[in-house]
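Chain residues, written in single-letter form:
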Amino acid sequence: TPNSELAVCRVLLAELEAHQDAWPFLSPVKLKSVPGYRKVIKKPMDFFTIKEKLINNMYLNQENFIIDVNLVFDNCQKFNEDDSEIGQAGHRMKRFFDKRWTELL
Ligand SMILES: Cc1ncccc1N[C@H]1CCCS(=O)(=O)C1
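The notes below deal with the structure included here. (Residues numbered from 1 in each chain as written. Predicted model: local features only at pLDDT ≥ 70, side-chain atom pairs only at ≥ 80, totals over all residues. Heavy atoms only, no water.)

The ligand sits among Pro24, Phe25, Val29, Lys30, Val34, Tyr37, Phe79, Asn80 and Ile86. Asn80 places a side-chain nitrogen or oxygen 3.3 Å from a nitrogen atom of the ligand. Protein chains shield 81% of the accessible area of the ligand, which is 390 Å² for the free molecule. Counted by class, the shell around the ligand contains seven nonpolar, one polar and one charged residues. (Near = heavy atom within 4 Å. Polar contact = N/O pair within 3.5 Å; in protein donor to acceptor, adjacent residues only side chain to side chain. Areas by Shrake-Rupley, 256 points an atom, 1.4 Å probe, with all protein chains shown as cover. Nonpolar A, V, L, I, M, F, W, Y, C, P; charged D, E, K, R; others polar.)

Moving on, we come to the pattern of salt bridges. Within the structure shown, the criterion is met by seven salt bridges. Ionic pairing is found between Lys51 and Glu17, a salt bridge with its closest N-O pair at 3.1 Å. Of this pair, Lys51 sits in helix α3 (residues 47-55) while Glu17 is found in helix α1 (residues 2-18), placing the two residues 34 residues apart along the sequence. By relative accessible area, Lys51 is classed as partly exposed at 30%. Between Asp98 and Lys94 there is a salt bridge whose closest N-O contact spans 3.2 Å. Here Asp98 pairs with Lys94, and both are found in helix α5 (residues 85-104), just four residues apart, close to one helical turn. Three or more residues joined by partner-sharing salt bridges are found here, namely Glu15, Lys99, Arg100 and Glu103. (Salt bridge = Lys/Arg side-chain N within 4 Å of Asp/Glu carboxyl O. Helix = DSSP H or I, 4+ residues; strand = E, 2+ residues; numbered from the N terminus. Buried < 20%, exposed > 50% of the residue type's maximum accessible area, 1.4 Å probe, protein only.)

The subject of this paragraph is unusual backbone geometry. Most peptide bonds adopt trans geometry, and most residues besides glycine take a negative phi value. With a phi angle near 55 degrees, Asn57 is a residue other than glycine that sits in the positive phi range. Looking at where Asn57 falls in the secondary structure, it is placed in the loop between α3 and α4 (62-79).

Structural data, given as structure tokens:
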């Protein structure tokens, strides 16, 4: 049911936020302090915004939630070098998410 589907999303988001490598993704990228971000990244997304959307019932099902989580990681890979601090954190967070999602499915 959509309700229990969203319960899994809340659990997973809490785990993402608690992860030691979550720091680059906890809040929206500050467009004024990151040159080029606004132009390069068409659909910014972050864990705080996802939490707000969950609380405001803006996800009809798990799929819409997963699309936004993957947007966080896709944006990170597009803007950051793989061997940068933030790039590496993004890869680790994506690996963690994919593993946990499969376990909780
Ligand atoms: C995820 C990401 N992608 C590209 C550049 C930066 C970031 N992260 C932010 C971390 C919090 C403060 S910030 O807004 O300066 C930068």
